[in-house]
Amino acid sequence: MTHPVAQRAAGLPGPSSLQPRRGVFLWPPRGGVAGAALVLAVAALALAGCSRREPAPEPVRAVKLLTVGVAPLQMHLEYAGEVRARVESRLGFRVAGKIVQRQAELGQRVQAGQVLAQLDPRDYELAAQAARAQVASATTQRDLAAADFERFSKLRAQNFISGAELDRRQAQLKAAQASLDQARAQLASQGNQTEYTRLVADAPGVVTSVDAEPGQVVSAGTPVVRIARDGPRDAVFSVPEDKVGQLRVGQAVQVRAWSGDALLQGRVREVAASADPVTRTFLVKVAVEGADVPPLGATVYVAPQVLARGGVQAIKLPTSALRQEGGQTVVWVYEAKDGSATGTVRLQPVQIATADGNEAVIAAGLTPGMQVVATGVHVLAPGQVVTVYKPKTAPTPEGQALPAINNEAPAASAAAR
């Protein structure tokens, strides 16, 4: 309620003016017609504030459309690979022992017969000395048996001994000779064991890995150095399970170096028979042809021609036209109204087959001739009224073609003359 003082200041009727006086209300109140008009205005504003406002109509959005059609695919599958030597050997000692020296270094080029590492040979040298002593002992026993056989042979010729005694001496000689042969073989084996304490390269190449260091005790066959032999090079890459069935030995492959645009030709040389237990992909080796083969370990891009899909007709849409709705991929299809510049949109589920560059290849859900919304799919609702976006074209400035006309006019008049 308004305070009486404020009412009087504003010229409004006070409480006393509205009291019945002898059964009759005094109207208009004090202040005359101006006060009555002010009261009516305040009442109208109060009623307007209490009434509900009507919601503003939803604006008609302009959408950019594209017409669904078929176009040739430009898809060329490329896989990242690595250049490797066709023959790569993991070299290790043929005997066990402690590494006392390693001459090979990572990235070093080695030649056939070059020493790569060496074990402690003292135990094997002692074993070789024992083998030589066994040979000397066996030689003595063989010589003694030979002398006995010769002496008993003379006695048998004079009938001083029986033939059985001579046969025993002959058997002893053969056993002594066999013992000598065995001792000599053991000496040769021990000599080889001593030589095996030196790890040498069996072919020229490049050291690509060092797996043991001096002071480490290794068993026979433990890899110590890995060497990539000189010769042909392969591009090695992995393909998923759904593509390995299309690759065959001998198929043509294009190889492109990461550091350049030069294309090299190659052919599939080997396809793995089983998948990698970790990545579940199949290893493929391609023989690279040409003189300018990238160096070992270089990254290359391999494009099998059998996996290329260039020229195949398919429906493609930009990724901006796709939307995820309820766990599936959908697009907005535009439906025009007859005789009107506006239309409505509806959701249409589609199936994505693969990607072709920055576009998605549609496997099902659309037919050529349909119109779909290209951009702004996140702000639309089913059944929403939209209008087609029309780009504004700048008008051609007047007088721009006049210089050309003026230049041609003299030439035309000269030709007429």
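Quick caveat: nothing in here was measured; it's all calculated off a predicted structure.

Describing the pairing of strand β13 (residues 233-239)
Step number 1: In terms of burial, β13 is largely enclosed, as six of its seven residues are buried.
Step number 2: As judged from the four bridges shared by strand β4 (residues 79-85) and β13, these two strands associate in the antiparallel manner. Note that in β13 the partner of Arg 84 across the bridge is Asp 234.
Step number 3: The pairing of β13 with strand β16 (residues 282-288) spans six bridges and is antiparallel. Residue pairing across strands places Asp 234 opposite Ala 287, the latter belonging to β16.

Some points on the confidence of the model for the chain
Step number 1: On average, residues of the chain carry a pLDDT of 82, and 79% of them reach 70 or more.
Step number 2: Scored below 50 in pLDDT, residues 398-417 shows zero contacts in the model against residues more than four places distant or in partner chains.

Here we look at the sheet that holds strand β15 (residues 263-271)
Consider a sheet: its strands pair through backbone hydrogen bonds, and that pairing is either parallel or antiparallel.
Step number 1: What the six strands build is a closed barrel, ordered β4-β13-β16-β15-β14-β17; its pairing is antiparallel. In this sheet, neighbouring strand axes are inclined to one another by 45° on average, regardless of whether the strands run parallel or antiparallel.

A few points about the sheet that holds strand β10 (residues 205-210)
Step number 1: The strand order across the open sheet formed by four strands is β5-β12-β10-β7, and the pairing between neighbours is antiparallel. Each edge of the open sheet is held by one strand with a lone partner, namely β5 (88-92) and β7 (109-110).
Step number 2: Pairing analysis gives two bridges linking β7 to β10, with the strands arranged antiparallel. What sits directly across from Val 110, in β10, is Gly 205.

Thresholds, definitions, all that
Here the residue numbering is sequential within each chain, running from 1 through the sequence in written order. A pLDDT threshold of at least 70 governs which residues receive local features in this predicted model, and a stricter bar of 80 or more applies before side-chain atom pairs are shown or counted, although totals over entire chains, interfaces and linings include all residues. To obtain the side-chain values, all non-hydrogen atoms of the structure were used and water was disregarded. Remark: exposure states derive from per-residue accessible area (1.4 Å probe, protein chains only) relative to the maximum for the residue type, with buried under 20%, exposed over 50%, and partly exposed in between. Secondary structure follows DSSP: runs of H or I at least 4 residues long count as helices, runs of E at least 2 residues long count as strands, and numbering of each begins at the N terminus. Each pair of strands is called paired provided DSSP finds at least two bridges between the two strands. On a range of 0 to 100, pLDDT expresses the predictor's confidence in each residue. Residue contacts are defined here by distance: any two heavy atoms, one from each residue, within 4.5 Å place the two residues in contact. Only the stretch in contact is used when a helix axis is fitted, and all axes are lines through C-alpha atoms; the angle between N-to-C directions ranges over 0 to 180 degrees.

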